[in-house]
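Fold and geometry: a report
So the chains spell out like this:
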Amino acid sequence: MKKEILRALRETDGFVSGQELCSRLGVSRTAVWKNIRSLQDEGYEIEAVTNRGYRLAGVPDIVAEEEVGSRLETSRMGRQIRCFSRIDSTNQYAKKAAEDGAADGMLVIADEQTAGKGRRGRSWVTPPGETIAFTLLLRPKLSPDRVSMVTLVMGLAVAKAVNTLYPLKAGIKWPNDVVINGKKLCGILTEMSAEVMHVNHIVIGVGINANMTSFPEELSRIATSLKLELGRDVSRAELIAQVMAEFERLYEKFEEDGDLRAVSEEYNALCLNAESMVRVLDPNGEYTGTSHGINALGELLVETESGQVRNVYAGEVSVRGVYGYV
Ligand code: BTN
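Quick summary incoming for the structure in this document. As the structure is a computational prediction, the values presented were derived from the model and not from experiment. (Residues numbered from 1 in each chain as written. Predicted model: local features only at pLDDT ≥ 70, side-chain atom pairs only at ≥ 80, totals over all residues. Heavy atoms only, no water.)

Considering the layout of surface pockets
Of the pockets and cavities examined, the second largest pocket occupies roughly 250 Å³. Lining the second largest pocket are Arg7, Arg10, Glu11, Ser70, Arg71, Glu73, Leu165, Glu238, Ala241, Gln242 and Ala245. Only α1 (2-10) and α8 (236-257) provide two or more residues apiece to the lining of the second largest pocket. Counting residues per element, the lining of the second largest pocket draws most heavily on α8, which supplies four residues. Class assignment for the residues of the lining of the second largest pocket results in three nonpolar, two polar and six charged. A domain-level breakdown of the lining of the second largest pocket finds at least three residues from each of domain 1 (2-58) and domain 2 (65-270). (1 Å grid on protein atoms, 1.4 Å probe; cavity = no way out; pocket = protein on both sides within 12 Å on 5 of 7 lines; lining within 4 Å. Points joined across faces, edges and corners; volume = space filled by probe spheres on them. Helix = DSSP H or I, 4+ residues; strand = E, 2+ residues; numbered from the N terminus. Nonpolar A, V, L, I, M, F, W, Y, C, P; charged D, E, K, R; others polar. Domains from an automatic or database assignment.)

Structure representation (structure tokens):
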């Protein structure tokens, strides 16, 4: 019920009467009041004025179910939310929940991860109160070789959400790092459970450096946060809700076609490796070339000096800029 109360309070700048809340939610005044008190205990500033009602005056930066849920405008992504103040890894939790039958679209969010996982077996730092760490569970009708495309869709959703909410220019380093001013803002780790021809479920884990102001020594040259770029804190719940909205829109197109043909233009417009020189770290031999962005399968098209265009498949190789990370 707290989610609905917050949603109602958010919809108006002024006061919402107690009576209106009661009839909208179909509950008693006492129930409304109890929930308002509980929200105030969680840090929400809710003014209560006799004969006028309630007004939302301040919102804490928490990643609680009602805070994210009351901002969601999606019909599928994040309709079921699990929030943890501390957990080992949201991907780990989502995988276990998926095996136990959790629904498509379930969103798992943590304020802190004690064993956050990055790609290539690396760890992912998630200190409390500062970062965004969430995992979305999907049960797509896809063959396993198409799963990496979903990760590109999520990268695009994050970049779009950042650019919509803030005066920043986030771009994508192929395949799915979100980057601002040459530094990494967000990483994505997708894991799947699959048979040879069929995917049981996938979990897409997203880590966004939201309000961090410092990084471990080895990351400080290549990582940034929204707070460092904007000079102010951001609402983590607002950004999560915006990512869900963008992802739902893009994923619908992807599902319809089974590939990225309908979203590749949007992706390439934000792809920092498009129309630039790249170094392809292929285990069979490193080479450089001009990247022309992705095709409908999410492969990066790299034109070598001899004029040959090579399709680089995510997962096989890494790509760097000629002069550095991007
Ligand atoms: C990368 O190495 O770039 C990917 C990092 C992915 C981190 C996120 S945080 C939420 C989710 N849970 C995890 O354990 N990892 C992902």
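Alright, that's what it looks like, and here's the rest.
Focus on the sheet that holds strand β12 (residues 300-303)
Picture the strands of a sheet paired through backbone hydrogen bonds; they go either parallel or antiparallel. If you trace the five strands from one edge of the open sheet to the other, you get β13-β12-β11-β10-β14, paired in antiparallel fashion. Sheet topology places β13 (309-312) and β14 (318-321) at the edges, where each strand pairs with a single neighbour. Neighbour-to-neighbour, the strand axes of this sheet turn through a mean angle of 45°, independent of strand direction. The pairing of β12 with β13 spans four bridges and is classified as antiparallel. Of the residues in β13, the one forming a bridge with glutamate 303 is valine 309. (Pairing = 2+ DSSP bridges. Axes fitted to C-alpha atoms, helices over the stretch in contact; angles between N-to-C directions.)

Re the site of the ligand
Taken together, the neighbourhood of the ligand is formed by 19 residues, with Ser89, Gln113, Lys117, Arg119 and Lys184 sitting nearest. At 2.8 Å, a side-chain N or O of serine 89 approaches an oxygen atom of the ligand. Between the ligand and lysine 117 there is a distance of 2.7 Å, counted from an oxygen atom to a backbone nitrogen or oxygen. Within the complex, 98% of the 410 Å² of free accessible area of the ligand lies under protein. Contributions of two or more residues to the shell around the ligand are made by α5 (90-99), β5 (132-138), β8 (183-194) and β9 (199-208). At four residues, the largest contribution of residues to the shell around the ligand is made by β8. Its residues assigned to classes, the shell around the ligand comprises six nonpolar, ten polar and three charged. (Near = heavy atom within 4 Å. Polar contact = N/O pair within 3.5 Å; in protein donor to acceptor, adjacent residues only side chain to side chain. Areas by Shrake-Rupley, 256 points an atom, 1.4 Å probe, with all protein chains shown as cover.)

What to know about the nonpolar core
Grouped together as the largest cluster of nonpolar side chains are 67 residues, with contacts concentrated most on Phe134, Met154, Val162, Trp174, Leu226 and Phe247. Those residues in contact with phenylalanine 247 that sit more than four places away from it in its chain are Met77, Leu136, Leu138, Val150, Val153, Met154, Ala157 and Ile204. In this structure, Leu6, Val32, Ile36 and Ile46 belong to the second largest nonpolar core, which totals 14 residues. (Core = buried A, V, L, I, M, F, W, Y, C linked by side-chain atoms within 4.5 Å. Buried < 20%, exposed > 50% of the residue type's maximum accessible area, 1.4 Å probe, protein only. Contact = heavy atoms within 4.5 Å.)

Some thoughts on the packing of α1 against helix α3 (residues 29-41)
Between α1 and α3, the shortest axis-to-axis distance is 10 Å and the interhelical angle comes to 85°. Looking at the two axes, α1 sits roughly perpendicular to α3. Of the residues in α3, those in contact with Lys2, Ile5 and Leu6 of α1 are Val32, Asn35, Ile36, Ser38 and Leu39. Its residues assigned to classes, the contact of α1 with α3 shows five nonpolar, two polar and one charged. (Parallel < 35°, antiparallel > 145°, perpendicular 65-115°, else oblique.)

Quick notes on the sheet that holds strand β4 (residues 107-110)
The seven strands lie next to each other as β3-β4-β5-β9-β8-β7-β6, forming an open sheet whose pairing is mixed. Each edge of the open sheet carries a strand with a single partner, namely β3 (81-84) and β6 (171-173). Averaged over all pairs of adjacent strands, the angle between strand axes in this sheet comes to 20°, irrespective of strand direction. The sheet contact formed by β5 and β9 spans seven bridges and is antiparallel. Across the sheet, phenylalanine 134 pairs through a bridge with valine 206, a residue of β9.

Quick word on α8
For α8, which comprises 22 residues, the first-to-last C-alpha distance of 32 Å matches the rise-based estimate of 32 Å (1.5 Å per residue) to within 8%. A positive phi of about 80° marks glycine 258, the residue just after α8. (Expected span 1.5 Å × (residues − 1).)

Overview of α3
Since the α-helix packs 3.6 residues into each turn, any two residues three or four apart lie on the same face. The first and last C-alpha atoms of α3 sit 18 Å apart over 13 residues, in line with the 18 Å expected at 1.5 Å per residue. Within the span of α3, buried status applies to Val32, Asn35, Ile36 and Leu39. Buried residues of α3, viewed axially, fall in a sector of 105°; they line one side. Exposed residues on α3 whose side chains face more than 90 degrees from its buried face are Thr30, Lys34 and Asp41. On the buried face of α3, the contacting elements are α1, α2 (18-25), β1 (45-49), β2 (53-58) and α4 (65-69). Remark: glycine 43 follows α3 within two positions and exhibits a positive phi of approximately 115°. (Arc of directions from axis to C-beta.)

Read these as layout, nothing more, since geometry by itself doesn't imply function.
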